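Secondary and tertiary structure notes
Listed here are the chains, written in short residue letters.
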Amino acid sequence: SSESGEHDVVVIGGGPGGYVAAIKAAQLGLKTACVEKRGALGGTCLNVGCIPSKSLLNNSHIYHQIKHDIKQRGIEVDNVRLNLDQMMAAKDKSVKSLTGGIEILFKQNGVDYVKGTGTITGENEVKVKPIDGGEEISLKTKNIIIATGSEATPFPGLEIDEKKVITSTGAIALTEVPKKMIVIGGGIIGLEMGSVWSRLGAEVTVVEYLDAIGGPGMDADIAKTAQRILGRQGIKFKTAHKVLSGDASGKGVKLEIESVKNQKQDTLEADVVLVAIGRRPYTEGLGLENVGIETDERGRIIIDQEYRTKHENIRVIGDVTFGAMLAHKAEEEGIAAAEFIKKGYGHVNYGAIPSVMYTHPEAAWVGQTEQEVKASGKEYVVGTFPFLANSRAKTNLETDGMVKFIAEKETDRVLGIHIIGPNAGEMIAEGVLAIEYGASSEDIARTSHAHPTLSEAFKEAAMATYDKAIHA
Ligand code: FAD
Ligand code: NAI
């Protein structure tokens, strides 16, 4: 195999964790390579995750709004039609320009982009099998950062063909709108992709094992509100139901489901079934066994506080290890890991990482849920404010949802902020900053917020936490 000069850092995986780690390491003066086997940078997020899903969410929302919600605004449009090919082309264009952009950033920062599958063969060596079929490359390196991400968890007995039985990867690339779609799992992927196809005309049923939608981490009040709003938009929910088995041998797909509460069984049929029951760490072909690195019972690579495996120079970040499977979490870890290598210190505040569900309206949160605070035994107060009482939301005819604050009773320190409503995903940034700075709800309520903006609902929910809101 051929050799290239020794690197300070070899990053395996070019997703939000890996590419950010590589750029930061290079910026810190380390000789850095990033190995990626997909043929494009950006990982799951840019290629088949965050970016394509948000393109379809945005454009399907515009389509749906023009079709169903525009008349009351004094705009008459006739003959609205969907051009799915063009909607997919717009998505592909956004993805391509963003993944290409990272390649440019690599060039600007001097990161070596190695296209191939990386296998750790020793503490200081990564062998790469190039995707173009060329000769194996040996990269000698002082440090390795593993950022190989995750993949969809399959449903036992239902083979994924990405046409009839799909994961999110198939759900961002369907070539026609299914008449009926069943989503297994009412978490973030299920609700986002279910929304897309429901807006485009599919009859969507979500089967969720728990008795609330939203996946782990969503506050119960927000989950309840989300289910009501999405239900009104036409999505059907079968919560507290488990899928027993599936059969995709016929024209469509049949699912046997059972109520968790009374064991009553039922058969559901659809043209397409989306499996969205979570994601699992991806370490295939990585060669962990060559260096004795272990994973836990869920396949996550075991690390310490500084992202180190049992080998001090092999670090792990992003979806393939512990914590929320979110792009911005992986990015923060990418920067911290590079800083640990160069400077010996790095930091991520795991208590202040926001989550956003990009449905319409959006849901967004940071900090603890009310259920978590209650379980911790801490005394707390809650303040809420409905968008129905916010002037801008009323003006925009977008009054669904609310802002909810949870603060510690004794100190008024903000413990959690949960929003469902227009622009929640942007609004939560203020909440993240509040938690990062250890703000009290009164700090926020006494901060002037421009009128008329949706953010006034944020301020008034803070006010309602320790006092009375003005407009509710
Ligand atoms: P990944 O992005 O998975 O990147 C890992 C990369 O490593 C991959 O490109 C893979 O090809 C490569 N790789 C693996 N093994 C090897 C090897 N041996 N050699 C070379 N390369 C290898 N998160 C958000 O924050 N916001 C969102 O809106 C959002 N939307 C999402 C929508 C969908 C449909 C999905 C599926 C996910 C979404 N996520 C979102 C989650 C987000 O995509 C992940 O949290 C994020 O991509 C994790 O980054 P990562 O770098 O850890 O791994
Ligand atoms: P998830 O963990 O969010 O939700 C999975 C849901 O499926 C849970 O509610 C679970 O109870 C349910 N479930 C599991 N097994 C089931 C079964 N057999 N039958 C019925 N229901 C079952 O996982 P999801 O939605 O697949 O997303 C994976 C990851 O991707 C998440 O961790 C999320 O963080 C990330 N993601 C983030 C997005 C964002 O930030 N906007 C968008 C999409 C994904």
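Residues numbered from 1 in each chain as written. Chains lettered and ligands numbered in written order. Predicted model: local features only at pLDDT ≥ 70, side-chain atom pairs only at ≥ 80, totals over all residues. Heavy atoms only, no water.

Looking now at empty space enclosed by the protein. The tally for this structure, following the rule as stated, stands at one cavity of 30 Å³ or more. In this structure, the largest cavity occupies an estimated 40 Å³ of space. Lining of the largest cavity is provided by A152, T167, S168, I189, V275, A276, G278 and R279. (1 Å grid on protein atoms, 1.4 Å probe; cavity = no way out; pocket = protein on both sides within 12 Å on 5 of 7 lines; lining within 4 Å. Points joined across faces, edges and corners; volume = space filled by probe spheres on them.)

Our next topic: the site of ligand 2. Taken together, the neighbourhood of ligand 2 is formed by 22 residues, with I189, E192, E208, G278 and V356 sitting nearest. Between ligand 2 and E208 there is a distance of 2.6 Å, counted from an oxygen atom to a side-chain nitrogen or oxygen. Take M325: an N or O atom from its main chain is 3.1 Å from an oxygen atom of ligand 2. Surface burial for ligand 2 is 79%, taken as the share of its 850 Å² of free accessible area covered by protein chains. Tallying contributions element by element places helix α6 (residues 188-199) first for the shell around ligand 2, with three residues. Classifying every residue of the shell around ligand 2 by side-chain character gives 14 nonpolar, four polar and four charged. (Near = heavy atom within 4 Å. Polar contact = N/O pair within 3.5 Å; in protein donor to acceptor, adjacent residues only side chain to side chain. Areas by Shrake-Rupley, 256 points an atom, 1.4 Å probe, with all protein chains shown as cover. Helix = DSSP H or I, 4+ residues; strand = E, 2+ residues; numbered from the N terminus. Nonpolar A, V, L, I, M, F, W, Y, C, P; charged D, E, K, R; others polar.)

Here we take up the UniProt feature "domain: Pyridine nucleotide-disulphide oxidoreductase dimerisation" (unreviewed entry) in the chain. In the numbering used here, UniProt assigns the feature "domain: Pyridine nucleotide-disulphide oxidoreductase dimerisation" (unreviewed entry) to residues 353-462. With 35% helix and 28% strand, the stretch residues 353-462 has end C-alpha atoms that lie 19 Å from each other. (UniProt positions renumbered as here; feature names shortened; annotations may be inferred.)

We now examine the sheet that holds strand β12 (residues 253-259). Read across the sheet, three strands follow the order β11-β12-β13 without closing on themselves; strand pairing throughout is antiparallel. Among the strands making up the open sheet, the edge pair consists of β11 (241-247) and β13 (265-270). In this sheet, neighbouring strand axes are inclined to one another by 30 degrees on average, regardless of whether the strands run parallel or antiparallel. Note: β11 against β12, six bridges, orientation antiparallel. By the bridge assignment for β12, D247 is matched with K254. (Pairing = 2+ DSSP bridges. Axes fitted to C-alpha atoms, helices over the stretch in contact; angles between N-to-C directions.)

A separate point is the site of ligand 1. The environment of ligand 1 is formed by 38 residues, the closest being E36, T44, K54, G118 and A327. P16 places a main-chain nitrogen or oxygen 3.4 Å from an oxygen atom of ligand 1. Coverage of ligand 1 by the protein amounts to 94% of the 1,000 Å² it exposes when considered alone. When residues of the shell around ligand 1 are traced back to their parent elements, those giving at least two are α1 (16-27), β2 (32-36), α2 (43-48), α3 (50-68), β3 (112-122) and α8 (327-343). In terms of residue count, α2 provides more of the shell around ligand 1 than any other element does, four residues in total. For the shell around ligand 1, a count of residues per class yields 14 nonpolar, 18 polar and six charged.

Turning to the nonpolar core, a few remarks are in order. When a protein is soluble and globular, its nonpolar side chains tend to lie buried together. Core analysis: the biggest nonpolar cluster contains 51 residues, and F106, I145, I146, I301 and Y307 have the highest contact counts within it. Among the nonpolar cores identified, the runner-up in size contains 37 residues, and V204, I235, W365 and M402 belong to it. (Core = buried A, V, L, I, M, F, W, Y, C linked by side-chain atoms within 4.5 Å. Buried < 20%, exposed > 50% of the residue type's maximum accessible area, 1.4 Å probe, protein only.)

Below, the discussion takes up the UniProt feature "binding site: FAD" (unreviewed entry) in the chain. Under the UniProt annotation, "binding site: FAD" (unreviewed entry) lies at K54, G118, T148, G149, S150, D319, M325, L326, A327 and H328. Maximum C-alpha separation among the annotated residues is 29.7 Å over a sequence range of 275 residues, too wide for a single clustered spot. The topology assignment puts D319 in the loop between β16 (314-316) and α8. With near-sequence residues (within four places) excluded, D319 lies in contact with G149, S150, R279, P281, A324, M325 and L326. Within the local environment of D319, its side chain forms a polar contact with the side chain of S150, the two groups lying 2.8 Å apart. Take L326: it is sitting in the loop between β16 and α8. Given a relative accessible area of 22%, L326 falls into the partly exposed group. Contacts of L326, omitting those with residues within four sequence positions, involve D319, I353, P354 and S355. (Contact = heavy atoms within 4.5 Å.)

This part covers the state of the cysteines. Put plainly, two cysteines are in a disulfide when a covalent bond ties their sulfur atoms together. Taken as a whole and judged by the stated rule, the model has one disulfide. Covalently, C45 is tied to C50 through a disulfide, its sulfur atoms 2.2 Å apart. Since a negative S-S torsion denotes a left-handed disulfide, the C45-C50 link at about -130 degrees is left-handed. Residue classification places C45 among the buried positions, given a relative accessible area of 11%. The exposure class of C50 is partly exposed, given its relative accessible area of 26%. Among the cysteines around C34, which has no disulfide bond, C45 carries the closest sulfur, lying 14 Å off. A relative accessible area of 0% means that C34 is categorised as buried. (Disulfide = S-S within 2.5 Å.)

Take the sheet that holds strand β7 (residues 165-166) next. Spatially, the five strands line up as an open sheet ordered β7-β14-β8-β9-β10, and their pairing is parallel. Each edge of the open sheet carries a strand with a single partner, namely β7 and β10 (236-238). The pairing of strand β8 (residues 180-184) with strand β9 (residues 203-207) spans five bridges and is parallel. Along β9, the bridge assignment pairs V183 with V206.

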